[in-house]
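Analysis of the macromolecular model
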Amino acid sequence: MKIVVIQGPNLNMLGVREQQIYGSMKLEQIHAQMRDFAAQSSFDIEFFQSNLEGEIVDKIQECYGDANGIILNAAAYTHTSIAIRDAISAVNLPTIEVHISNIHRREEFRKQNMIAPVCTSSIVGFGPFGYHLAMVGMVQIMNEIKAVQEMQQQQATQAE
């Protein structure tokens with residue numbers, strides 16, 4: 001199993017920018033914790049960060065046929081990007097949206113979410129721990145998919 005973690009604009013500045021909102025952890029520290037969890041859970045993980053919308057769209061598209069799931073913090077593009085929304089729909093992979101802050105308790109413009117309707121789930125407001133929750137959630141989703149596929153294979157074998 002392979003999960004791709006895609007980080008949007010300004011997340012490369014975690015630990016520096018607005019610590020009262022986003023905390024003091026740097027993106028590299030969050031990724032290190034995720035890498036440890038992936039190793040313990042025996043799956044591959046890949047990380048990508050970009051401040052550019054088109055690069056995020058390209059990375060989502062690259063996941064098609066190469067990954068089993070996506071953990072995405074589209075950051076500010078959450079509120080504006082139909083392109084990212086369409087890319088998520090196109091690849092049709094389990095996608096968990098993560099936001100460090102509770103976007104529903106912030107500025108009015110942050111309450112509009114273009115990507116949530118096409119994501120499997122959203123985790124908001126847990127700080128950096130939200131990424132761990134997303135990893136646990138993704139493992140659960142992958143286990144459920146695997147169980148359904150095994151059941152379908154058994155039914156097909158019995159039908160023969």
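Refer to the structure printed above.
As the structure is a prediction and not an experimental result, all values here were calculated from the model.

So, the overall build of the protein
A count of helical and extended segments in the protein gives five helices and five strands. Taking 15 Å as the expected radius of gyration for a compact globule of 160 residues, we find that the protein reaches 16 Å, a close match to that expectation. When the backbone C-alpha atoms are referred to their principal axes, the protein occupies close to 60 × 35 × 25 Å. For the protein, buried positions account for 42% of its 160 residues. Considering only contacts within the protein whose residues lie at least 6 apart along the sequence, 76% involve residues at least 24 apart. Carbon and sulfur atoms provide 48% of the accessible area of the protein, an area that totals close to 8,500 Å². The average position of the 11 basic charges and that of the 17 acidic charges among the side chains of the protein differ by 9 Å.

Quick word on the pattern of salt bridges
If you walk through the whole model with that rule in mind, you get five salt bridges. Glu 46 is the salt-bridge partner of Lys 2, the closest N and O atoms lying 2.8 Å from each other. With Lys 2 in strand E1 (residues 2-7) and Glu 46 in strand E2 (residues 44-49), this residue pair connects regions lying 44 residues apart in the sequence. With a relative accessible area of 23%, Glu 46 lands in the partly exposed category. Here Lys 59 makes a salt bridge to Glu 62, at a shortest N to O gap of 3.5 Å. Here Lys 59 and its partner Glu 62 are both found in helix H3 (residues 53-62), three residues apart, which amounts to about one turn of the helix. Put simply, Lys 2, Glu 46, Lys 59, Glu 62 and Asp 66 are held in one network by salt bridges that share partners.

Points about the packing of helix H2 (residues 27-40) against helix H5 (residues 129-159)
Contact pair H2 / H5: the axes reach a minimum separation of 10 Å and the direction vectors enclose 25°. Put simply, H2 runs roughly parallel to H5. When you trace H2 past H5, the crossing you get is right-handed. Side by side, H2 and H5 meet where Ile 30, Met 34, Phe 37 and Ala 38 of the first sit next to Tyr 131, His 132, Met 135, Val 136 and Val 139 of the second. Considered class by class, the residues forming the contact of H2 with H5 number eight nonpolar, one polar and no charged.

Description of the sheet that holds strand E5 (residues 121-124)
One open sheet holds the five strands; their spatial order is E2-E1-E3-E4-E5, and the pairing between them is parallel. What marks the edges here is a single partner per strand, and that holds for E2 and E5. Taking the axes of each pair of neighbouring strands and ignoring which way they run, one obtains an average angle of 15° across the sheet. The pairing of E1 with E2 spans six bridges and is classified as parallel. Counted as the bridge partner of Val 5 is Phe 47 from E2.

Things to note about the packing of aromatic side chains
Going through the model one piece at a time under the given rule, you end up with one aromatic pair. Ring centres of Phe 37 and Phe 43 lie 6.3 Å apart, and the angle between their planes is 65°; on these two criteria the pair is classed as edge-to-face. Residues Phe 37 and Phe 43 agree in their burial class; the two are buried.

Describing the nonpolar core
Residues Leu 14, Met 34, Phe 43, Ile 71, Ile 96, Tyr 131 and Met 135 are the most contacted members of the largest nonpolar core, which totals 25 residues. In terms of residues, this core owes the most to one element, H5, which gives seven residues. Those residues in contact with Leu 14 that lie beyond four places of it in its chain are Tyr 22, Met 25, Lys 26, Leu 27, Ile 30 and Ile 100. Within the second largest apolar cluster, 18 residues are counted, among which are Cys 63, Tyr 77, Ile 88 and Ile 115.

Calculation criteria
Residues numbered from 1 in each chain as written. Predicted model: local features only at pLDDT ≥ 70, side-chain atom pairs only at ≥ 80, totals over all residues. Heavy atoms only, no water. Helix = DSSP H or I, 4+ residues; strand = E, 2+ residues; numbered from the N terminus. Rg over C-alpha atoms; globule rule 2.2 N^0.38 Å. Buried < 20%, exposed > 50% of the residue type's maximum accessible area, 1.4 Å probe, protein only. Contact = heavy atoms within 4.5 Å. Areas by Shrake-Rupley, 256 points an atom, 1.4 Å probe, with all protein chains shown as cover. Lys, Arg positive; Asp, Glu negative; His and termini not counted. Charge placed at Lys NZ, Arg CZ, Asp CG, Glu CD. Salt bridge = Lys/Arg side-chain N within 4 Å of Asp/Glu carboxyl O. Axes fitted to C-alpha atoms, helices over the stretch in contact; angles between N-to-C directions. Parallel < 35°, antiparallel > 145°, perpendicular 65-115°, else oblique. Left-handed = near helix turned anticlockwise from the far one by under 90°. Nonpolar A, V, L, I, M, F, W, Y, C, P; charged D, E, K, R; others polar. Pairing = 2+ DSSP bridges. Phe/Tyr/Trp six-rings, centres within 6.5 Å; stacked < 30°, edge-to-face > 60°. Core = buried A, V, L, I, M, F, W, Y, C linked by side-chain atoms within 4.5 Å.

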